[in-house]
Amino acid sequence: MTELVTISLGERSYEILIGQGAWSIAQRLAAVSPERRYAVLADANVLRLHKDFVETGLGHLQIAGAPIEIPEGETAKSFGMLEIVLSQLLERALERGDAIIAIGGGVTGDLAGFAAAIYKRGIDVIQVPTTLLAMADSSVGGKTAINMPQGKNLVGAFHQPRLVVADFAFLDTLPKRQLLAGYAEIIKAALIGDADFFDQLEYSNRDSLTALHLQAHLKTAIQFKADIVEADEREAGQRALLNFGHTFGHALESDAKGALLHGEAVAAGMALAFDYSVRLGICPENDARRVKDYLKLVGLETGLGSLPGAPFTAEAMVERMRHDKKNAGGAIRLVLARGIGNAFIHEVADEADLLNFLKDKI
Ligand code: NAD
Ligand code: ZN
């Protein structure tokens, strides 16, 4: 059974299809405009593991040339790779009315989305996320980017997809570690703004998490993000709440030099955000305890000393947080919580205290 979430952005509204079988509805794509040609950009691992499945889903479409293979890993989000992709699109003579289909995780989605945003001043992109992280987060909302030597995601564009197809069949081959990392972004939605959703998450994990539960949770998380994107597409205000756990998380991620997956860093970052909120006297200790217990229960580590990439350096983390592109006017900006489901934006007044807090944690 597939479920549907719609993002309403006027003329640029689009649907997100979620669940087993979503990819087989590729006829919908053909129905969007039958004369349209598509170029496929696909993650190298996904192409290797799901070649037949990918081709079946594309059966009814006019595909321009062989799939453009995106090598695995963050380094593919580069200017060099972007240029290769753009040349390949030109070689396939893709026109303004044609579209890109991006099949892969957040790396492929971000790169393909940015290529679509600038190719011939913008063409459509259809996102087919194949990691849980990409399904829950990166394929939805229209942020696209590549990395620069100075930092991640520094060059990009807002470019909403035309359609998102999140088929669980892809998840069968996703390593457990990657699956868990993606799950962190689902938990994030609950922690930011939906205490009932957090209750449901806790409840469904009493037994092992079924595919049905996962689908329901994914849908709730996507709906949560969709509502925020509809209200604040360009992150002028509340969309910044989606960075919950991310300022601490990015600091851990960069200090770990590649040893830590993004979602793992975000999970530990969310635990830090709760503990720091308790320290500032704005969040009940019991809420922080519940969050950390739940993260641990599902298998997401929150103790900094036990994380891949440890030991971390508090000074390096604060330095990294100072340079976060989300900061405004010099102060470190964090998303903190008054409790589960009640996140808010906070500007750090006492950096020395933040440093001491991190030192205690490390
Ligand atoms: P990823 O795209 O690197 O994929 C992770 C790994 O899984 C890769 O090795 C990939 O080859 C492999 N893989 C993908 N699908 C698979 C499958 N079905 N089976 C087996 N292996 C598979 O990483 P990710 O976690 O999906 O995304 C991380 C990226 O997303 C980062 O670059 C981050 O900046 C970006 N991101 C963007 C947004 C946004 O709003 N645009 C939001 C969050 C994250
Ligand atoms: Zn994230």
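Residues numbered from 1 in each chain as written. Chains lettered and ligands numbered in written order. Predicted model: local features only at pLDDT ≥ 70, side-chain atom pairs only at ≥ 80, totals over all residues.

### Regarding the nonpolar core
Alright, step 1. Counting 109 residues, the largest nonpolar core has L41, I100, L191 and A273 as the members making the most contacts within it.
Alright, step 2. A domain-level breakdown of this core finds at least three residues from each of domain 1 (3-173) and domain 2 (176-361).
Alright, step 3. Not counting residues up to four positions away in its chain, the partners in contact with A273 are F244, G245, F248, L334, V335, L336 and A337. (Core = buried A, V, L, I, M, F, W, Y, C linked by C-beta atoms within 7 Å. Buried ≥ 20, exposed ≤ 12 C-beta atoms within 10 Å, placed from the backbone. Domains from an automatic or database assignment. Contact = placed C-beta atoms within 7 Å.)

### With respect to the domain arrangement of the protein chain
Think of interface size as the accessible area that goes away when the parts come together; that is how it is often given.
Alright, step 1. Domain annotation of the protein chain identifies domain 1 (3-173) and domain 2 (176-361).
Alright, step 2. Between domain 1 and domain 2, the C-alpha centre-to-centre distance is 27 Å.
Alright, step 3. Across the boundary between the two partners, domain 1 contributes 20 residues, which contact 22 residues of domain 2.
Alright, step 4. Top element by residues in the side of domain 1 that touches domain 2 is helix α5 (residues 132-138). It accounts for 5 residues.
Alright, step 5. Of the residues contributing to the side of domain 1 that touches domain 2, the split by class is 13 nonpolar, 5 polar and 2 charged. (Helix = DSSP H or I, 4+ residues; strand = E, 2+ residues; numbered from the N terminus. Nonpolar A, V, L, I, M, F, W, Y, C, P; charged D, E, K, R; others polar.)

### A short note on the site of ligand 1
Alright, step 1. Surrounding ligand 1, one finds 29 residues, the nearest of these being G105, G106, V107, T131 and S138.
Alright, step 2. Of all the secondary-structure elements, those providing two or more residues to the shell around ligand 1 are α2 (44-58), α4 (106-118), α5 and β9 (151-158). (Near = placed C-beta within 6 Å.)

### Let's talk about the packing of helix α6 (residues 176-193) against helix α8 (residues 211-231)
Alright, step 1. Interhelical geometry of α6 versus α8 gives an angle of 55 degrees and a closest axis separation of 9 Å. Classified by the angle their axes make, α6 and α8 are oblique. For the element pair α6 and α8, the recorded crossing hand is left-handed. Counting all contacts with α6, which are made through I186, A189 and G193, the residues of α8 involved are H217, L218, T220, A221, F224 and K225. (Axes fitted to C-alpha atoms, helices over the stretch in contact; angles between N-to-C directions. Parallel < 35°, antiparallel > 145°, perpendicular 65-115°, else oblique. Left-handed = near helix turned anticlockwise from the far one by under 90°.)

### Topic: the packing of helix α10 (residues 262-279) against helix α11 (residues 285-298)
Alright, step 1. Viewed as axis vectors pointing N to C, α10 and α11 meet at an angle of 165 degrees, and their least axial separation amounts to 9 Å. Viewed along their axes, α10 and α11 adopt a mutual orientation that is roughly antiparallel. The element α10 and its partner α11 pack so that their crossing is left-handed. Residues A267, M270, A271, F274, D275 and V278 of α10 pack against E285, D287, A288, V291, K292 and L295 of α11.
Alright, step 2. Here the residues of the contact of α10 with α11 sort into 8 nonpolar, no polar and 4 charged.

### Here's the deal with α6
Alright, step 1. Here α6 is 18 residues long and its end C-alpha atoms lie 27 Å apart, about the 26 Å a rise of 1.5 Å per residue gives.
Alright, step 2. Extensive coverage of α6 is indicated by the burial of 14 of its 18 residues. (Expected span 1.5 Å × (residues − 1).)

### Topic: the confidence of the model for the protein chain
Alright, step 1. Summary statistics for the protein chain give a mean pLDDT of 93 and a share of 97% for residues scoring 70 or more.
Alright, step 2. Overall fold confidence (pTM) sits at 0.95, and the ipTM for the predicted complex is 0.99. (pLDDT = per-residue confidence, 0-100.)

### What to know about unusual backbone geometry
Alright, step 1. Note that the residue after A310, namely P311, is joined by a cis bond; omega there is 0 degrees.
Alright, step 2. Relative to the assigned elements, P311 resides in the loop between α11 and α12 (314-322).
Alright, step 3. Here the phi dihedral of K257 falls at roughly 45 degrees; this positive angle occurs in a residue that is not glycine.
Alright, step 4. Assignment of secondary structure puts K257 in the loop between α9 (246-255) and α10.

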